[in-house]
Amino acid sequence: MPCASRSDELVFFVNGRKVMERNVDPEGTLLTFLRKNWTLLSKSWLLRLTGTKYACGRGGCGACTVMVSKHDPVSRKIRHFSVTACLMPICSLHGAAVTTVEGVGSIKTRLPPVQERIAKSHGTQCGFCTPGMVMSMYTLLRNHPQPSEEQLMEALGSNLCRCTGYRPILESGRTFCMESNSCQQKGTGKCCLDWGENDSSPLGKKSEICTKLFAKEEFQSLDPTQELIFPPELLRMAENPEKRTLTFYGERGTWISPGTLKDLLELKVKHPKAPLVLGPAMKSQGHFHPVLLSPARISELSMVTKTSDGLTIGAGCSLAQMQDILAERIAELPEEKTQTYRALLKHLRSLAGQQIRNMASLGGHVISQHCCSDLNPVLAVSNATLNLISAEGTRQIPLNEHFLAGLASADLKPEEILESVHIPHSQKWEFVSAFRQAQCQQNALPHVNAGMRVLLKEGTDSIEDLSIAYGGVGAATISAHRSCQLLLGRRWNELMLDEACRLLLDEVSLPGSAPGGRVEFKRTLVVSFLFKFYLEVLQELKKLVKLFSVPDSRHHSEVSDQFLSALEDFLVTIPQGVQTYQNVDPHQPLQDPVGRPIMHLSALKHATGEAMFCDDIPMVDKELFMALVTSINEELSRALELPEVVDVITAEDIPGTNGAEGDKLLAIDEVNCVGQIICAVVAETDVQAKRATEKIEITYEDLEPVIFTIKDAIKHNSFLCPEKKLEQGNVEEAFEKVDQILEEVHVGGQKHFYMETQRVLVIPKTEDKELDIYVSTQDPAHVQKTVSSTLNIPINRITCHVKRVGGGFGGKVGKPAVFGAIAAVGAIKTGHPIRLVLDREDDMLITGGRHPVFGKYKVGFMNNGRIKALDIECYINGGCTLDDSELVTEFLILKLENAYKIRNLRFQGRACMTNLPSNTAFRGFGFPQGALVTESCITAVAAKCGLPPEKIREKNMYKTVDKTIYKQAFNPETLIRCWNECLDKSSFYSRRMHVEEFNKKNYWKKKGIAIIPMKFSVGFAATSYHQAAALVHIYTDGSVLVTHGGNELGQGIHTKMLQVASRELKIPMSCMHISETSTATVPNTIATAASISADVNGRAVQNACQILLKRLEPIIKKHPEGTWEDWIEAAFEQRISLSATGYFRNFLNQCAFLQGLGESGMFLGSSVFFAIADAVATVDIAEDFMVQSPATPERVRMACADRFTEMVGNCLFS
Ligand SMILES: Cc1cc2nc3c(=O)[nH]c(=O)nc-3n(C[C@H](O)[C@H](O)[C@H](O)COP(=O)(O)OP(=O)(O)OC[C@H]3O[C@@H](n4cnc5c(N)ncnc54)[C@H](O)[C@@H]3O)c2cc1C
Ligand code: FES
Ligand code: FES
């Protein structure tokens, strides 16, 4: 426990309330403090603010975003900024005010516009990301009540959402923006959101299609005066800062926060190894330091000085503050002086996300000397200097390659600290640029980045000085000093460029073992960046030459128009999109909600953080925490000896069945992959349990052979189940009559990243071995069954409850049963409630993901593109246990034909057994991977025939009613109508023309376009899964409680069920309620999956309501003028049962009245993949080229062969 008696008092505010704490853990974060703190802070006020969510714990997803407000001693203003609470050291908050989603508003009190609008704009689905979104938007609005769209994009840039696809979230934010909201749909100049019911929208026929999801005019307006003020007490504290050193002692570490620079420097002498902590880095790295020094209260470190030759920025300034400072200086100075500032600013816009930039300090960034630092290469080439200070005095060192390489002679001494960084102005004829290539534009570390500076001799294009530095290509930022020296005096022309590329490839050596791999790609970037710089400088030279009428200007190289697009950066703009839905029949009663765009039932609660997820359930009496030990920990085996550890759960503790043969819950003797669960530790807190897992020692002996890839598995004949095969027609015979292509396609896997990690709370009851299990799952009945067999107790003693799930995508179908069962063993053994919450690392390690696929196809086709025969063989990487791999293989081959009628087909599939964590169900269940193989084949046929892919697709699509390969009659009417509508509404052919024109004119940038059809049959393979039940109660006040077998994963199933019940019972949805899904109310449920849950459960709810209405009919007939409440009262008096079970089976014939996008939607994204492939195909490369999936920047770049990839190839070869 932290040592309260010696600690100083940490003072800060949360949502306007004062927190005074002596009991803080210096290793603790704001997130843990908010979520877990049980201290009674004032008469009736507990913190325990669970609206702020844990999803990644690494600052990468934004789910834990809160707003911090501080008084800035330099500007004397209050600064409001967003931070990720999971990386915010709790001790760093002394003197700050924190606002969480609960402090913004609540449905019980006041619902401010930011929360109202995200909910009403349909910006929430599972709602797990929503509090973070709200907080990022709220902070933006506190600073800019009418933000620009660019500011909105920047504010939300590092908030992930796995459900909504961002469009509605951005749409809600956009309602605050000053720019026009118009999406200028199809050139009509009118926003799709403004199409009224009587307009003739291009999206559909008059009155049939609607796009208006919300009425802007009904929204409350933003009133900044309603917001929480900065606490006057904190203002007083900031204006009269305490100079005393504050110390907070914890169980293992101490946090020291000096009040003066002198004290800090003395402390640094006393604790030379203690890091200075300002930003998020320490937390994200997870290293332990016994002493942490916080310079947060030292105003000298936040000073900014503008000098005649440059800008000196305090090391304590955050990167966000640095952005503002640079922007201000750029506005003040002539362009020629601000080249470096512009380059830094460019990188600062894409470096991490806004929350991290608000937290990370310039000092921490520079001193970390991270090999991927975005700022250090630019600072290094622009001759920045570091102003150091220690108790001994001050000195300056250059921020150069020696410092960045961490050479002791060029680095800080242990007792020194960085006070500020001096960045000189650039000068006339000097050009500075920054380049960066990352997995995505925002919130991703760069693969490679660079800073480049050239000084040309005045009035000429000859190089006087040149500096180039790269990040991401070695263990530190690397300077190409030798190459630059050799190029001095050269003219800025093509000859110099060629020579420079050769020199750089020689000097910036990247061995095959370079960190992060991707050597060829990185080397290509090294020269590609130089080429971009070359073009940029040429363009700038052109301007200067015009301006100064330089005498030998006709000798300067020129940039051809075709090359200019290489200089344009991709803009981060709000994506344009619109959701359309069919208007209901005008005669439909107003009360009947079916077909209307009803807001998600929990949307407002999502937005205020009041929606409870599994780990938001308050701690129960005597609760203990469990952490899993997987086959990776290799430390000391003393876990049980630690005083805080209550127990270690192993396979021997399982009273019943330990999973299945070859798929054990807890491994015994043998593990087949990294991440297999071996045992679990139970302790009083999550931190203690987690730390104890690191003390378990496991000795491994290697098993042979070790198989990771599909190719290895094929070689070793390592399969999980027998081959699956479908055949129709005569493939061999058909091949004899056509041209042929043989191809291979790799489709990569995908890790599960539902925002809410796997979690479960098991509460053992005192009587009859009963257990209550609260679990985040798509299949509570499966959890219940698995717990029953593991504990060897009947199913009827176990009740599983699912209130809502923070995203599942298939990853919460099978795996939650494993975690539920292990936690239940712990609960039974210890007699305590057990909470098990996986951290993101464990979740990603243990739970597997989408199966990677290796597909081989042989296609036979005529020259007009008609495919006559197709033979596909697919192998999936199933990992080390069977899990759902056999079913996934079946689905994959069943759906391989996609939307095409090909007479002669042969599909074969096999699930490979490898030494990887078992792959599992994932949205689409094999269909996306399989269909990608088929569509790649179609694209290849198009390339061979010299026809656009859409023509081949059209030619081979089902045209008439026919039997599918799985012998189901299929009527393609909807498919054809949908295809034609998509072509029409997207103006596909005019866009295709535009793309072709653009590609002709631009050499370095290419556009692509694709349209992909999709036939997706919903449902499970086993017909026994096509059943559902519901239970509907009517209470004597007329209110209705609906329960059904589906789980709320964000898809809005509860909302839909109430729409059905409302239509059937003819009463408003507001009279109805759904509390949770529980195995005690609806037994033997089927997993919420396969895109049919709303359909089958909807039918069951309908059935229950119809039964009830039938019972009420005589009463209603007798008193037609009566109210619903009158009828219910009368029914009760007449002893008519007001509770009914509804049941439904045989899905295929009678369903699909509620069909949404479900699993099938996953494959719609493939159109982006094929559009990229289309763009790449326009580059002058091998004719039968195909981008492999996923189409990462690396694959796309390397697929686009050019002089630079060639240079790298030649260089590697030589
Ligand atoms: C989620 C996330 C994403 C990121 N993405 C990117 C990215 O895309 N690009 C990029 O370039 N960077 C990225 N970063 C790194 C970030 O820019 C910072 O470099 C990093 O956070 C370090 O800064 P800090 O303030 O957190 O350091 P701190 O934790 O405060 O300190 C780091 C180190 O510097 C030392 N130190 C700090 N201040 C001083 C001082 N004044 N004098 C002497 N020593 C000092 C400390 O002792 C410590 O050893 C990311 C960081 C995170 C957490
Ligand atoms: S950013 Fe904090 S939980 Fe993801
Ligand atoms: S609604 Fe955003 S993650 Fe589910």
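From a predicted model like this one, the values you see are computed outputs, not experimental measurements. (Residues numbered from 1 in each chain as written. Chains lettered and ligands numbered in written order. Predicted model: local features only at pLDDT ≥ 70, side-chain atom pairs only at ≥ 80, totals over all residues. Heavy atoms only, no water.)

**Some remarks on the packing of aromatic side chains**
Rule in force here: For this analysis, a ring pair means two rings from Phe, Tyr or Trp (six-membered ring only for Trp) whose centres lie within 6.5 Å, classed as stacked if their planes differ by under 30 degrees, edge-to-face if by over 60, and tilted for the remaining angles. In DSSP terms, a helix is any run of H or I states spanning at least four residues, a strand is any run of E spanning at least two, and both are numbered starting from the N terminus. The criterion for a charge sitting over a ring is simple: Lys NZ or Arg CZ within 6 Å of the ring centre, and within 35 degrees of the ring normal.
On inspection of all chains with the given rule, the structure shows 24 aromatic pairs. A ring pair is formed by phenylalanine 531 and phenylalanine 563, whose centres lie 6.2 Å apart and whose planes are at 75°; its orientation type is edge-to-face. Placement of the pair is phenylalanine 531 in helix H18 (residues 519-548) and phenylalanine 563 in the loop between H18 and strand S21 (581-582), with a sequence separation of 32 residues. What links up through ring pairs into an aromatic cluster is the set Phe435, Trp492, Phe529, Phe531, Phe533, Tyr534, Phe563, Tyr1003, Trp1004 and Phe1204. We note arginine 840 situated over the ring of phenylalanine 753; from NZ or CZ to the ring centre the distance is 4.0 Å. A cation sits over an aromatic face here: arginine 910 above phenylalanine 719, 3.9 Å from the ring centre.

**A word on the environment of methionine 303**
Short version of the rule: The contact definition used throughout considers only heavy atoms, calling two residues in contact when any of these lie within 4.5 Å.
Inspection of the secondary structure assignment puts methionine 303 in the loop between strand S11 (291-293) and strand S12 (304-306). Distance in space between the C-alpha atoms of methionine 303 and serine 420 is 8.1 Å, their sequence separation being 117 residues. Other than its neighbours up to four places away in sequence, methionine 303 contacts Val74, Thr312, Ile313 and Gly314.

**Concerning the UniProt feature "binding site: [2Fe-2S] cluster 2" (unreviewed entry) in the chain**
Heads up, the rule is: UniProt positions are given in the numbering used here, feature names are shortened, and annotations may be inferred rather than shown by experiment. Between buried and exposed lies partly exposed: a residue is buried under 20% and exposed over 50% of the maximum accessible area for its type, with that area taken using a 1.4 Å probe on protein chains only.
Residues annotated by UniProt as "binding site: [2Fe-2S] cluster 2" (unreviewed entry) correspond here to Cys126, Cys129, Cys161 and Cys163. Judged by maximum C-alpha separation, these annotated positions cover 38 residues in sequence but sit close together in space, the widest gap being only 9.4 Å. Examined against the element boundaries, cysteine 126 turns out to sit in the loop between helix H3 (113-120) and helix H4 (130-143). The class for cysteine 126 is buried, based on a relative accessible area of 4%.

**Side note on the UniProt feature "binding site: substrate" (unreviewed entry) in the chain**
Within this structure's numbering, the places UniProt gives as "binding site: substrate" (unreviewed entry) are Phe925. Within the secondary structure, phenylalanine 925 is located in the loop between strand S35 (904-912) and helix H27 (927-945). The buried category is assigned to phenylalanine 925, whose relative accessible area is 13%. Sequence-distant contacts of phenylalanine 925, that is, excluding residues within four places in its chain, are made with Asp884, Leu887, Val888, Phe891 and Glu1159.

**Digging into the sheet that holds strand S15 (residues 393-398)**
Cut-off, in case you're wondering: Each pair of strands is called paired provided DSSP finds at least two bridges between the two strands. In this analysis, axes come from line fits to C-alpha atoms, helices being fitted only over the stretch in contact, and the angle between any two N-to-C directions falls in the range 0 to 180 degrees.
Spatially, S12-S13-S16-S14-S15 is the arrangement adopted by the five strands of the open sheet, whose pairing is antiparallel. The open sheet terminates on both sides in strands that have one partner only, identified here as S12 and S15. With strand direction ignored, the average angle separating the axes of adjacent strands in the sheet is 20°. Pairing analysis gives three bridges linking S12 to strand S13 (residues 310-314), with the strands arranged antiparallel. Its bridge partner lying in S13, valine 304 is registered against isoleucine 313. Its contacts with the sheet place helix H8 (residues 261-270) against strand S14 (385-390) and strand S16 (417-424), and it is angled at close to 115° to S16.

**Here we look at the domain arrangement of the chain**
Inclusion rule: Residue ranges labeled as domains rest on an automatic or database domain assignment.
Structurally, the chain comprises domain 1 (10-178 + 227-241), domain 2 (299-566), domain 3 (614-703 + 752-847), domain 4 (710-750 + 849-988) and domain 5 (1023-1158). Between the C-alpha centres of domain 2 and domain 5 there is a distance of 64 Å.

**A word on the site of ligand 1**
Put simply, the rule reads: The nearness test applies per residue and asks whether one of its heavy atoms lies within 4 Å of the molecule or strand. Distance and chemistry together define a polar contact, namely a pair of N or O atoms within 3.5 Å, with one atom able to donate a hydrogen and the other to accept it when in protein, and with adjacent residues in sequence counting only for side-chain atoms on both sides. Under the scheme applied, nonpolar residues are Ala, Val, Leu, Ile, Met, Phe, Trp, Tyr, Cys and Pro; charged residues are Asp, Glu, Lys and Arg; polar residues are all the others, including Gly.
Within the structure, ligand 1 sits among 33 residues, and Leu276, Leu278, Ser361, Asp374 and Leu418 are positioned closest to it. One nitrogen or oxygen atom from the main chain of glycine 279 is found 3.1 Å from an oxygen atom belonging to ligand 1. Serine 361 places a main-chain nitrogen or oxygen 2.7 Å from an oxygen atom of ligand 1. Among the elements that make up the shell around ligand 1, the one with the highest residue count is helix H13 (residues 362-368) (five residues). The class makeup of the residues in the shell around ligand 1 is 21 nonpolar, nine polar and three charged. Each of domain 1 (10-178 + 227-241) and domain 2 (299-566) gives at least three residues to the shell around ligand 1.

**Focus: the packing of helix H5 (residues 149-156) against helix H6 (residues 167-174)**
Rules: For classification purposes, an angle smaller than 35 degrees is called roughly parallel, one larger than 145 roughly antiparallel, one from 65 to 115 roughly perpendicular, and anything else oblique. If you view the pair so one helix is near and one far, a crossing is left-handed when the near helix is turned anticlockwise from the far one by less than a right angle, and right-handed when it is turned clockwise.
Between H5 and H6, whose axes approach to 10 Å, the crossing angle comes to 130°. As judged from the angle between their axes, H5 and H6 are oblique. Read as a crossing pair, H5 and H6 show a hand that is right-handed. Facing Glu149, Leu152, Met153 and Leu156 of H5, the residues of H6 in contact are Ile169, Leu170, Gly173 and Arg174. Here the contact of H5 with H6 is built from residues that sort into five nonpolar, one polar and two charged.

**Some points on the side chain of threonine 254**
Among the secondary structure elements, threonine 254 is positioned in strand S10 (residues 254-257). Excluding anything up to four places from it in sequence, threonine 254 contacts Pro26, Thr247, Phe248, Tyr249, Pro290, Val291 and Leu292.

**Thoughts on the pairing of strand S33 (residues 853-861)**
Every regular strand shows the same layout, with side chains that alternate between the two sheet faces. Summarising burial for S33: seven of the nine residues are buried, a large majority. The pairing of S33 with strand S34 (residues 867-877) spans nine bridges and is classified as antiparallel. In the sheet register, phenylalanine 854 faces S34, and the bridge partner there is tyrosine 875. The turn joining S33 and S34, which pair antiparallel and follow one another in sequence, is formed by five residues; a positive phi near 100° is taken by glycine 865.

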